[in-house]
Amino acid sequence: MNLTVFLPALLKGALVTLEATLLSAAVALVVSVVVGLVRLSRFRLLRGAALVYVEIFRGTSALVQLFYFFFVLPIFGIDLSPMAAGVIALGLNFGSYGSEVVRAAVLNVPRGQHEAAVALNYPPGLAMRRIIFPQALAAMLSPFGNLLIDLLKATSLLSLITIGDLTFAGKSLVQSQGHVTAIYTLVLVFYFVMALMLGRLMQAAERRVPGATAGGGR
């Protein structure tokens, strides 16, 4: 059996998987930073709203959230394409976890750094941008690397809403060609290679940030 005949379809699906991963990661990153910092706000209402979001998205199934965005929102007149629904659902889901990474990293910045910002008469926003956040970033990279690889694997759920990702391509080939073991072995190899690539990229990013602990991505 010539396995190379399956490669074009799987490669096409892998590119869709990478696209969905990177778009979802961009959404998750923005959400993580915004919500993580809002969780530290001195305004109780903002903190409470952010906490509700985090608890809902961490406490419910990513699959159910995906179905909600794709199947339920159209009932209320909000029609999203499969890719848009998938990217938003996964971005918000992983953003809820990432926000806790941001919050913990900021809280772990030594108290003396906060006091130094006050002594320099920095406004809170400027102190966060110039002093606190750059130091917290070093502690965020390794957990973010792990979340990115988890996000890559979670994109397999997108096949359930008709997105032609790697998992969808594998299932389609099995249905049309058979060869279950060979095709799903190739799918596993594709996921492994992509996870390895993302892990190496995150490790390279960690090496460029002073104080970061290399080794993120599993």
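Attention here is on the structure that accompanies the text.

### Details of the environment of Arg129
At step 1: Position of Arg129 among the secondary structure elements: in helix α6 (residues 124–154).
At step 2: Judged by its relative accessible area of 56%, Arg129 falls in the exposed class.

### Examining a nonpolar patch on the surface
At step 1: Taken together, Val189, Phe192, Val193, Leu196 and Met197 make up a surface patch of nonpolar side chains, about 460 Å² in accessible area.
At step 2: When you line up the elements, Phe192 lands in helix α8 (residues 180–208).
At step 3: Look at Phe192 and you get exposed, because its relative accessible area is 56%.

### Describing the packing of helix α1 (residues 7–38) against helix α7 (residues 166–177)
At step 1: As a packed pair, α1 and α7 sit with axes 7 Å apart at the nearest point and diverge in direction by 155 degrees. Taken together, the axis directions place α1 and α7 in an arrangement best described as roughly antiparallel. Counted together, Ala9, Leu10, Gly13, Ala14 and Thr17 of α1 and Leu166, Ala169, Gly170 and Leu173 of α7 form the full contact between these two elements.

### A few points about the layout of surface pockets
At step 1: Considering only enclosed or pocket space, the largest pocket measures out at about 560 Å³ in volume.
At step 2: Along the walls of the largest pocket sit 19 residues, with Leu40, His114, Pro124, Gly125 and Met128 positioned nearest its centre.
At step 3: Sorting the residues of the lining of the largest pocket by element identifies α4 (82–107), α5 (111–119) and α6 as the ones contributing at least two each.
At step 4: Classifying every residue of the lining of the largest pocket gives 13 nonpolar, three polar and three charged.
At step 5: The volume enclosed by the second largest pocket comes to roughly 320 Å³.
At step 6: Ala25, Leu29, Phe144, Leu148 and Met202 are, among the 17 residues lining the second largest pocket, the residues nearest its centre.
At step 7: Listing elements by their share of the lining of the second largest pocket, those giving two or more residues are α1, α4 and α6.
At step 8: Split into classes, the residues belonging to the lining of the second largest pocket amount to 15 nonpolar, two polar and no charged.

Definitions and limits used
All residue numbers refer to positions counted from 1 along the written sequence of the respective chain. With the structure being a predicted model, the display of local features is reserved for residues of pLDDT at least 70 and the display and counting of side-chain atom pairs for 80 or more, all residues being used for whole-chain, interface and lining totals. Side-chain calculation: all heavy atoms of the structure are included, whereas hydrogens and water are not. We count a stretch as a helix when DSSP gives it H or I for four or more residues in a row; a strand needs E for two or more, and each element gets its number in order from the N terminus. Burial here depends on accessible area, computed with a 1.4 Å probe over protein chains only, as a share of the maximum for the residue type. Under 20% is buried, over 50% is exposed, and the range in between is partly exposed. Residues form patches when they are more than 30% accessible in relative terms and have no salt bridge. Like charges link within 9 Å. Nonpolar side chains (Val, Leu, Ile, Met, Phe, Trp, Tyr) link within 5 Å. Every accessible area reported is derived by Shrake-Rupley at a probe size of 1.4 Å, with residue values counting cover from the shown protein chains alone. In the sections that follow, a salt bridge refers to a side-chain nitrogen of Lys or Arg positioned within 4 Å of a carboxyl oxygen of Asp or Glu. Where helices are involved, their axes are fitted lines through C-alpha atoms of the stretch in contact, as for all axes, and angles between N-to-C directions lie from 0 to 180°. Just so you know how the angles are binned, under 35 degrees is roughly parallel, over 145 roughly antiparallel, 65 to 115 roughly perpendicular, and the rest oblique. Contacts are residue-level and defined by heavy atoms, with any inter-residue pair within 4.5 Å sufficient. For each structure, a 1 Å grid was placed over the protein atoms alone; sets of points admitting a 1.4 Å probe that cannot get out are labelled cavities, open sets with protein on both sides within 12 Å along at least five of seven lines are labelled pockets, and lining residues have an atom within 4 Å of a point. Grid points are joined across faces, edges and corners, and a volume is the space filled by probe spheres set on the points. Ten residue types, Ala, Val, Leu, Ile, Met, Phe, Trp, Tyr, Cys and Pro, are classed as nonpolar, four, Asp, Glu, Lys and Arg, as charged, and the remainder, Gly among them, as polar.

As far as function goes, none of this settles anything; it's purely spatial.
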